[in-house]
Amino acid sequence: MSGSDQSTLSQIINKFGPELLQEWLNSLLTYAMKREASAERELERQCEVFLRGLQAAAADGQSQDIESRQWEDVRQLLMEISQLRARHGFSPIDTANFVFSLKQPLFSKLRMHLADQPLVLAEETWTVSTLLDKLGLFTIECYQKSREQIILRQQQELLELSTPVVQLWKNVLALPLIGTLDSARTQVVMENLLQKIVETGASIAIIDITGVPTVDTLVAQHLLKTVAAARLMGADCIISGIRPQIAQTIVHLGVNLEDVVTKATLADAFVIALQRTGSTISYSTASH
Amino acid sequence: MERIPILRMGRLLLVTIQVDMHDKLAMTLQDDLTMRIVQDNAKGVLIDISALDIVDSFIGRMIGNTAAMARILDAQTVVVGMQPAVAITLVELGLRLDGVRTALNVERGMALFENVLLK
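All of these numbers come straight from a predicted model, not from anything done at the bench.

Parameters at a glance
- Residues numbered from 1 in each chain as written.
- Chains lettered and ligands numbered in written order.
- Predicted model: local features only at pLDDT ≥ 70, side-chain atom pairs only at ≥ 80, totals over all residues.
- Helix = DSSP H or I, 4+ residues; strand = E, 2+ residues; numbered from the N terminus.
- Buried ≥ 20, exposed ≤ 12 C-beta atoms within 10 Å, placed from the backbone.
- Contact = placed C-beta atoms within 7 Å.
- Pairing = 2+ DSSP bridges.
- Axes fitted to C-alpha atoms, helices over the stretch in contact; angles between N-to-C directions.
- pLDDT = per-residue confidence, 0-100.
- Parallel < 35°, antiparallel > 145°, perpendicular 65-115°, else oblique.
- Nonpolar A, V, L, I, M, F, W, Y, C, P; charged D, E, K, R; others polar.
- Expected span 1.5 Å × (residues − 1).
- Arc of directions from axis to C-beta.
- Right-handed = clockwise from strand over helix to strand, strands pointing away.

Draft legend 1. Structural detail: the overall build of chain A. Counting its regular elements, chain A contains 10 helices and five strands. Considering chain A as a whole, with its 288 residues, one finds that 30% of them fall into the buried category. By sequence separation, contacts in chain A at least 24 residues apart represent 75% of the contacts at least 6 residues apart.

Draft legend 2. View of the overall build of chain B. Counting its regular elements, chain B contains four helices and five strands. If you list the helices and strands of chain B from N to C, you get β-β-α-β-α-β-α-β-α. A buried classification covers 37% of the 119 residues belonging to chain B. Once local pairs closer than 6 in sequence are excluded, the contacts in chain B between residues at least 24 apart make up 78%.

Draft legend 3. Region of interest: the sheet that holds strand S1 (residues 166-169) of chain A. All names here are of chain A. Strand order in the open sheet formed by five strands is S1-S2-S3-S4-S5, with mixed pairing between adjacent strands. Of all strands in the sheet, those with a lone pairing partner are S1 and strand S5 (261-262), marking the two edges. Across three bridges, S1 lies against strand S2 (residues 172-178) in antiparallel orientation. Each bridged residue has a counterpart across the sheet, and for valine 166 the counterpart in S2 is alanine 174. Sitting on the sheet, helix H8 (residues 217-232) is in contact with strand S3 (204-211) and strand S4 (236-240), with an inclination near 150 degrees to S4. Contacts from helix H10 (residues 266-277) reach S1, S2, S3, S4 and S5, with the element oriented near 180 degrees to S3.

Draft legend 4. Representation of the confidence of the model for chain B in the model. Looking at chain B, pLDDT values average 89 and 99% of them are 70 or higher. Both confidence scores are given for the complex: pTM 0.65, ipTM 0.80.

Draft legend 5. The arrangement of the interface of chain B and chain A in detail. Between chain B and chain A, the contact holds 13 residues from the first and 15 residues from the second. Looking at the side of chain B that touches chain A, the elements that each hand over two or more residues are helix H3 (84-92) and strand S5 (101-103) of chain B. In terms of residues, the side of chain B that touches chain A owes the most to one element, H3 of chain B, which gives five residues.

Draft legend 6. How the structure looks around the sheet that holds strand S1 (residues 6-9) of chain B. Residues and elements named next belong to chain B. Reading across the sheet, the five strands line up as S1-S2-S3-S4-S5 and stay open at both edges, with mixed pairing between neighbours. Both outer strands of the open sheet, S1 and S5, are each paired with one neighbouring strand and no more. Taking the axes of each pair of neighbouring strands and ignoring which way they run, one obtains an average angle of 25 degrees across the sheet. Set on the sheet, helix H4 (residues 106-117) makes contact with strand S2 (12-16), strand S3 (44-48), strand S4 (76-80) and S5; between it and S4 the angle comes to about 155 degrees.

Draft legend 7. A look at the packing of helix H1 (residues 23-40) of chain B against helix H2 (residues 57-72) of chain B. All names here are of chain B. Two numbers describe how H1 lies on H2: the axes approach to 11 Å, and their chain directions differ by 10 degrees. Here H2 runs roughly parallel to H1, going by the angle between their axes. Here H1 contributes Asp23, Ala26, Gln30, Leu33, Thr34 and Ile37 to the contact with H2, which in turn contributes Phe58, Ile59, Met62, Thr66, Met69 and Ala70. Of the residues in the contact of H1 with H2, the class split is eight nonpolar, three polar and one charged.

Draft legend 8. Spotlight on H2 of chain B. All names here are of chain B. The end-to-end C-alpha separation of H2 is 23 Å, in line with the 22 Å expected for 16 residues at 1.5 Å each. Turning to H2, its buried residues number three or more, namely Ile59, Gly60, Ile63, Thr66, Ala67 and Ala70. Buried residues in H2, looked at end-on, bunch into an arc of 125 degrees, giving them a common side. Of the exposed residues in H2, the ones pointing more than 90 degrees away from its buried face are Ser57, Phe58, Ala68 and Ile72. Looking at the buried side of H2, the elements it contacts are H1, S3, S4 and H3. In the segment just after H2, aspartate 74 is the residue with positive phi, at about 65 degrees.

Draft legend 9. Spatial organisation of the pairing of S2 of chain B. All names here are of chain B. In the sheet, S1 pairs with S2 via four bridges, with the strands oriented antiparallel. Bridge assignment links isoleucine 6 to a residue of S2, and that residue is valine 15. Once S1 ends, the chain turns through two residues before running back antiparallel as S2, passing glycine 10 with a positive phi of about 65 degrees. Bridge analysis of S2 against S3 gives five bridges, and the strand direction is parallel. The partner of leucine 13 across the bridge, within S3, is valine 45. Where the polypeptide runs from S2 across H1 and back to S3, its parallel neighbour, the crossover connection is right-handed.

Next up, the structure:
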């Protein structure tokens, strides 16, 4: 391909490549507060690859549509960079600046290159600016997507982590609830509890809500559902760990917990459970 | 015609639902059961639904109604062996079967009769 066939952008990257890279890196590094040497080298590598990709993609100057095949390599690279930055906790501004900070060095080179043709210069500046805007927005989109994926994964992990059903005694299960109870979690909690009732043949389940920050009508409703489902399986439920503040809230909201045995602490609930299953715990006299 | 067997064990009647319940079968069961309670002078009814893995609101209400009918005829009802999925479905349907006693399996249900209900 001869020089005249290439787009101006491609020509400029060809001509001023190393210089452009250095200026770009400098402007990128002024944004970053402090960076280790290894990260700097990594950044330099990313910039270099990006410039090369940009030149290749813009070579024929035909396509401004970054969704097209021609731009696939550039898109892939930007996606990797945004994902990496999202994972390492960069801010959205930092991530977008990777592309936007290229504008200034690139425009100054454009001005040098096309100093004698003001009309072409204006035209080219507009074209390159639009292109870089598109690439910048694409970067932000990828960044956002990776962040959303991270949040989703954490949500799922939380869901699995926070619903253990433990066996306290023969025929006695405990379900320590931690965190807010929404419909999805209630479903998981309920399924876990009922499954464990079948496995262990437990006749009493203690639901401890010490770790539930607030109880509103919806949470209370979810609790009552769980209690009702356990009762259908032949197991009684005791709700324990009700904090004073929550007791007040429950009464103010007019939630009816009268059909359920409630206790202030897990220890009290355990004593009741032992009585119902016909077990007793006695202190050995020696320890007194 | 398909019928659900009702077995007599002393003062108890044992009903095991082994087939998919459809509405007509449920109505026949109610007829048969109320008749047998009176005939056999039964004091307790054990309904085992461990083989039932799908319920709808009709069947759920039927179980509740059967228990209420038995109570009027002076027989206590214990529903045993409910599957977790069935329990969740019934609760989601708003059917809490408040008047019905429950137990995990037939053995526990019998123990409940011996120790509590028929003392």
